[in-house]
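Structure at a glance
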Amino acid sequence: MERRIFCFGDSNTYGYDPREPLGGRYPADARWPELLSAATGAQVTNAGKNGRKILTSPRAWQMLDNRIRAAGTQDGLIVMLGTNDVLTGYLPAARDIAEKMEAMLTHLRAVWLELPVLLLAPPPVAVPDGELAQVSRQLAREYAALARRMDLAFADAGAWGLPLAFDGVHLTPEGHRRLARALAPLLPEIFWPEEEPLCRLSMPD
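Parameters and conventions
- Counting of residues starts from 1 at the beginning of each chain's written sequence and follows it residue by residue.
- Reporting of local features is limited, given that this is a predicted model, to residues whose pLDDT is at least 70; pairs of side-chain atoms are given and counted only at 80 or more, and all residues count toward the totals for whole chains, interfaces and linings.
- Computation of side-chain values: all heavy atoms of the structure, hydrogens and water removed.
- Axes here mean lines fitted to C-alpha atoms, for a helix over just the part in contact, with angles spanning 0 to 180 degrees between N-to-C directions.
- Strands are runs of DSSP state E lasting at least 2 residues, helices are runs of H or I lasting at least 4, and numbering of each runs from the N terminus.
- These descriptions rest on fixed angle ranges, namely under 35 degrees for roughly parallel, over 145 for roughly antiparallel, 65 to 115 for roughly perpendicular, and the rest for oblique.
- Handedness of each helix crossing follows the sense of rotation of the near helix against the far helix: counterclockwise by less than a right angle gives left-handed, clockwise gives right-handed.
- Contacts were defined at the residue level, with two residues in contact if any of their heavy atoms lie within 4.5 Å.
- For this classification, the nonpolar set comprises Ala, Val, Leu, Ile, Met, Phe, Trp, Tyr, Cys and Pro, the charged set comprises Asp, Glu, Lys and Arg, and every other residue, Gly included, is treated as polar.
- Buried means the residue's accessible area, taken with a 1.4 Å probe over protein chains only, is under 20% of the maximum for its type, while exposed means over 50%, and partly exposed covers the values in between.
- Whether two strands pair depends on DSSP finding at least two bridges between them.
- By convention, orient the strands away from the viewer: a clockwise path from the first strand over the helix to the second makes the crossover right-handed.
- Put simply, buried Ala, Val, Leu, Ile, Met, Phe, Trp, Tyr and Cys residues joined by side-chain atoms within 4.5 Å make one nonpolar core.
- Whenever a carboxyl oxygen of Asp or Glu lies within 4 Å of a side-chain nitrogen of Lys or Arg, that contact is scored as a salt bridge.
- In this analysis the probe radius is 1.4 Å and the grid spacing 1 Å, with only protein atoms considered; a cavity is a set of points the probe fits into but cannot get out of, a pocket is an open set with protein on both sides within 12 Å along at least five of seven lines, and lining residues have an atom within 4 Å of a point.
- Grid points are joined across faces, edges and corners, and a volume is the space filled by probe spheres set on the points.
- A helix is expected to span 1.5 Å for every residue after the first.
- The predictor's confidence in any single residue is recorded as pLDDT, a number from 0 to 100.

At a minimum axis distance of 11 Å, the contact between helix H3 (residues 58-70) and helix H5 (residues 94-111) shows a crossing angle of 45°. Between H3 and H5, the interaxial angle falls into the category oblique. The crossing of H3 and H5 is right-handed. Seen from H3, the contacting residues are Trp61, Leu64, Asp65 and Ile68; seen from H5, they are Ala103, Met104, His107, Leu108 and Val111. Considered class by class, the residues forming the contact of H3 with H5 number seven nonpolar, one polar and one charged.

See the structure below:
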């Protein structure tokens, strides 16, 4: 049976390419959700969107529910959000951002009772504003604590040395590749631990 994973995130899930003058997108073979699909054999939905923040309203949560439902029965949900909440907030605090994430995840857990969730802390930004960069680094600690409280799987993308583009925000193609490589062996452990692995656990050439 084919496994299905739903990846919900911002431009670093969508695959935004900052090298393009008007903002483009990396090809499918250079985006981490699609690379994750190739590495594991799972069907992975890339539900990334440029500029997306953590969803905070019931209406937005309902739209996410509809998107998940339209993608079919899922074996797992990967959420990587928070970067835009750091960059576009006024003197944001990592704890406040984590509280928004907690509200969104609480809704998801209530609606999708049997759907395992992997909360993925985004890679910290490397921007000139030192305060924003610090908040970005603190986010992983807050997300880890949140995951423990909610009994969710957690991983810190910032721990994997993912290279960022010249803007200090967006992953390079190599960053996408490293992220997919780091996530691939985690999927069967988190999303289908009781069964024989169906994935190849190897990156395509």
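Okay, the pairing of strand S7 (residues 153-156) next. The alternating pattern of S7 places Ala153 and Ala155 on a buried face and Phe154 and Asp156 on a face that is not buried. Inspection of the sheet shows strand S6 (residues 117-121) paired to S7 by four bridges, in the parallel sense. By the bridge assignment, Ala121 is partnered in S7 with Asp156. With helix H6 (residues 130-150) bridging S6 and the parallel S7, this β-α-β connection has right-handed handedness.

Right, let's talk about the packing of H5 against H6 for a bit. Packing of H5 against H6 brings their axes to within 9 Å, and their N-to-C directions diverge by 35°. Between H5 and H6 lies a crossing whose hand is right-handed. Of the residues in H6, those in contact with Ala94, Arg95, Ile97, Ala98, Met101, Glu102, Leu105, Thr106 and Arg109 of H5 are Val135, Gln138, Leu139, Glu142, Tyr143, Leu146, Arg149 and Met150.

The subject of this paragraph is the nonpolar core. Of all hydrophobic cores here, the largest spans 35 residues; its most connected members are Phe8, Met101, Met104, Leu105 and Tyr143. Within the residue set of this core, elements represented by two or more residues are strand S1 (4-9), H3, strand S5 (76-80), H5, S6 and H6. Apart from the residues within four sequence positions on either side, Leu105 is in contact with Val79, Val117, Leu119, Leu146, Met150 and Leu152. In terms of nonpolar packing, the next biggest core, distinct from the first, is built from 24 residues, Trp32, Leu36, Leu171 and Leu179 among them.

Another point: the pattern of salt bridges. Evaluated as defined, the whole model comprises seven salt bridges. Between Arg3 and Asp75 there is a salt bridge whose closest N-O contact spans 3.1 Å. Taken together, the residues span a long stretch of sequence, with Arg3 in the segment before S1 and Asp75 in the loop between H3 and S5 at a distance of 72 residues. With respect to class, Arg3 is no different from Asp75; both count as buried. Of the charged contacts, one joins Glu34 and Arg31 as a salt bridge, the two residues approaching to 3.0 Å between their closest N and O atoms. Taking the relative accessible area as the measure of exposure, Glu34 reaches 22% and is therefore partly exposed.

What follows concerns the layout of surface pockets. Its boundaries defined by the atoms lining it, the largest pocket holds a volume of some 190 Å³. Tallying contributions element by element places H3 first for the lining of the largest pocket, with four residues. Considering only residue class, the lining of the largest pocket consists of five nonpolar, no polar and three charged.

A few words now on the side chain of Thr83. Inspection of the secondary structure assignment puts Thr83 in helix H4 (residues 83-88). Exposure remark for Thr83: the relative accessible area of 8% places this residue in the buried category. Look past the residues within four positions of Thr83 in its chain and what remains in contact with it is Asp10, Pro122, Pro123, Val125 and Val169.

All right, on to H5 then. Over its 18 residues, H5 runs 26 Å from end to end, which matches the ideal 26 Å to within 8%, given 1.5 Å per residue. By the burial criterion, the buried members of H5 are Ala94, Ile97, Ala98, Met101, Met104, Leu105, His107 and Leu108.

Okay, the confidence of the model for the protein next. Should pLDDT be low for a region, the predicted coordinates there are not to be read in detail. Of all residues in the protein, 95% have pLDDT values of 70 or greater, and the mean over the chain is 92. Throughout residues 197-205 the model reports pLDDT below 50, and contacts reaching past four residues in sequence, or to other chains, amount to 26 contacts.

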